[in-house]
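Structural features, examined
Next come the chains, spelled out residue by residue.
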Amino acid sequence: MEAMDPVLLTGTASPHLGRALGAALGVAPSDCHFERFPDGEIHVEVPASVRGRTAVIVQATTPPTGEHLLELLLMADACWRAGAARLEAVVPYLGYARQDRRARPGEPLGGRLMADMVSQGRFARVLVVDLHSPALEGCFGAPLEHLTALPLLAEALRPNVTDTSVVVAPDLGAVKRAEALARLLGRPWAVIHKVRLSGDEVHASGLMGEVRGRRPILVDDMVSTGGTLAAAAGTLREAGCAEDFTVVTTHALLVGPAIERLRTLPLTRLVSTDSVEPPTGLPFPHEVVTLAPLVARALRP
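Now for a description of the structure that goes with this document. (Residues numbered from 1 in each chain as written. Predicted model: local features only at pLDDT ≥ 70, side-chain atom pairs only at ≥ 80, totals over all residues. Heavy atoms only, no water.)

To continue, consider the pairing of strand β5 (residues 86–91). Burial analysis of β5 places 5 of its 6 residues in the buried class, which makes it a mostly covered element. Pairing between strand β4 (residues 54–58) and β5: 5 bridges, direction parallel. Residue pairing across strands places valine 58 opposite valine 90, the latter belonging to β5. Assessed by its sense of winding, the connection that carries the chain from β5 through helix α3 (residues 110–118) to strand β6 (residues 125–129) is right-handed. (Buried < 20%, exposed > 50% of the residue type's maximum accessible area, 1.4 Å probe, protein only. Helix = DSSP H or I, 4+ residues; strand = E, 2+ residues; numbered from the N terminus. Pairing = 2+ DSSP bridges. Right-handed = clockwise from strand over helix to strand, strands pointing away.)

Inspection of the secondary structure puts threonine 62 in the loop between β4 and α2 (65–81). Filtering out sequence-adjacent residues up to four positions away, threonine 62 remains in contact with Ala13, His68, Tyr93, Leu253 and Val276. (Contact = heavy atoms within 4.5 Å.)

This paragraph deals with the sheet that holds β6. The strand order across the open sheet built from 5 strands is β1-β4-β5-β6-β7, with neighbouring strands paired in parallel fashion. Of all the strands in the sheet, just β1 (7–10) and β7 (144–147) have a single pairing partner and so form its edges. Averaged over all pairs of adjacent strands, the angle between strand axes in this sheet comes to 20 degrees, irrespective of strand direction. One ladder, built from 4 bridges, connects β5 with β6; its direction is parallel. Paired with valine 91 across the bridge in β6 is valine 128. Where helix α1 (residues 15–25) meets the sheet, it contacts β1 and β4, and its direction lies at approximately 165 degrees from that of β1. (Axes fitted to C-alpha atoms, helices over the stretch in contact; angles between N-to-C directions.)

Here the focus is the packing of aromatic side chains. Summed over all chains, the structure comprises 0 aromatic pairs. In this structure, arginine 122 is placed above the aromatic ring of tryptophan 80, and the distance from its NZ or CZ to the ring centre is 3.5 Å. (Phe/Tyr/Trp six-rings, centres within 6.5 Å; stacked < 30°, edge-to-face > 60°. Lys NZ or Arg CZ within 6 Å of the ring centre and 35° of its normal.)

What follows concerns the nonpolar core. Membership of the largest hydrophobic core comes to 40 residues, with the highest contact counts inside it found for Leu157, Leu181, Leu185, Val248, Leu291 and Val295. Of all the secondary-structure elements, those providing two or more residues to this core are α1, β4, β6, α4 (150–157), β8 (165–169), α5 (175–185), β11 (215–223) and α8 (292–299). In this structure, leucine 291 is in contact with Leu17, Pro92, Val129, Ala149, Leu152, Thr273, Asp274 and Ser275, ignoring residues within four places of it in sequence. Residues Cys32, Cys79, Ala97 and Cys139 belong to the second largest nonpolar core, which totals 32 residues. (Core = buried A, V, L, I, M, F, W, Y, C linked by side-chain atoms within 4.5 Å.)

Let us look at the pattern of salt bridges. Under the criterion given, the structure shown has 15 salt bridges. Between arginine 122 and aspartate 77 there is a salt bridge whose closest N-O contact spans 3.2 Å. A residue pair is termed long-range when its members are at least 10 positions apart, and arginine 122 in the loop between α3 and β6 and aspartate 77 in helix α2 qualify at 45 residues. Taking relative accessible area as the criterion, arginine 122 reaches 41% and is therefore assigned partly exposed. For glutamate 145, the salt bridge identified is with arginine 125, shortest N-O distance 2.8 Å. Remark: arginine 125 occurs in strand β6 and glutamate 145 occurs in strand β7; sequence separation between them is 20 residues. Judged by relative accessible area, arginine 125 falls into the buried class, the value being 14%. Connected through salt bridges with shared partners, the residues Arg86, Glu88, Arg125 and Glu145 form a single ionic network. (Salt bridge = Lys/Arg side-chain N within 4 Å of Asp/Glu carboxyl O.)

Shown next, in the form of structure tokens:
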């Protein structure tokens with residue numbers, strides 16, 4: 001490996017993306033040693049080859065978020081103490097980004113706290129992909145590069161897009177993404193008004209746009225429990241859409257009842273990225289688009 005090549009280190013949350021990014025950069029990921037002490041503490045050991053080099057650490061803060069965040073910070077601290085000249089973090093999925101504001105007194109600003117903790121890693125740059133709230137960009141103490149996976153996802157969708165396809169935002173928060181994806185695909189778009197009842201239950205109360213007889217492409221930045229998609233699908237079916245759904249998202253968390261909820265839809269396919277480690281054995285077609293080309297372009301000088 002040439003002296004100027006970065007050292008690529010991958011945490012336990014992102015092995016798929018780490019391997020793909022290594023191939024895109026032409027750099028073999030370096031081995032890190034992870035173990036647990038008997039009391040549950042995480043112990044990390046990085047290779048000595050980081051001295052005088054740029055260390056790129058790839059780690060999503062997926063559940064369990066606290067452990068994966070601590071692992072990222074331990075890796076960064078180990079690299080700094082081993083003499084790395086520069087630290088860069090690739091955090092393809094940032095947890096707690098939905099907690100970007102306080103709905104009532106007594107609540108924390110979880111998104112701001114997460115940004116503060118990541119900024120403690122002495123990173124010269126942090127790369128994130130499709131933050132749930134772009135407003136969090138201003139909360140980071142380290143320079144932040146906010147990437148979007150929409151062009152990659154649009155290319156994956158394009159072969160199956162027809163004259164009857166319509167892009168749908170399942171709630172008002174996804175409107176800008178739906179509009180951008182519709183523009184990339186050259187298709188119309190619609191939006192559903194959603195009311196959240198609890199952390200995993202929502203109610204869809206209205207639809208703007210024409211969907212009758214059309215094939216919906218539901219787009220959102222993340223799919224967590226699937227409640228928003230299930231509510232949106234009910235509204236779309238009542239409006240007479242075709243029984244042919246595509247769901248496209250950057251972050252396919254698929255926690256709790258998500259898989260069962262998606263199973264009940266006439267789902268042709270789910271398209272997502274490897275910002276979250278891709279699940280296996282899903283009861284519906286799942287296409288994974290790697291973020292490696294996008295991240296590699298951002299990392300190259």
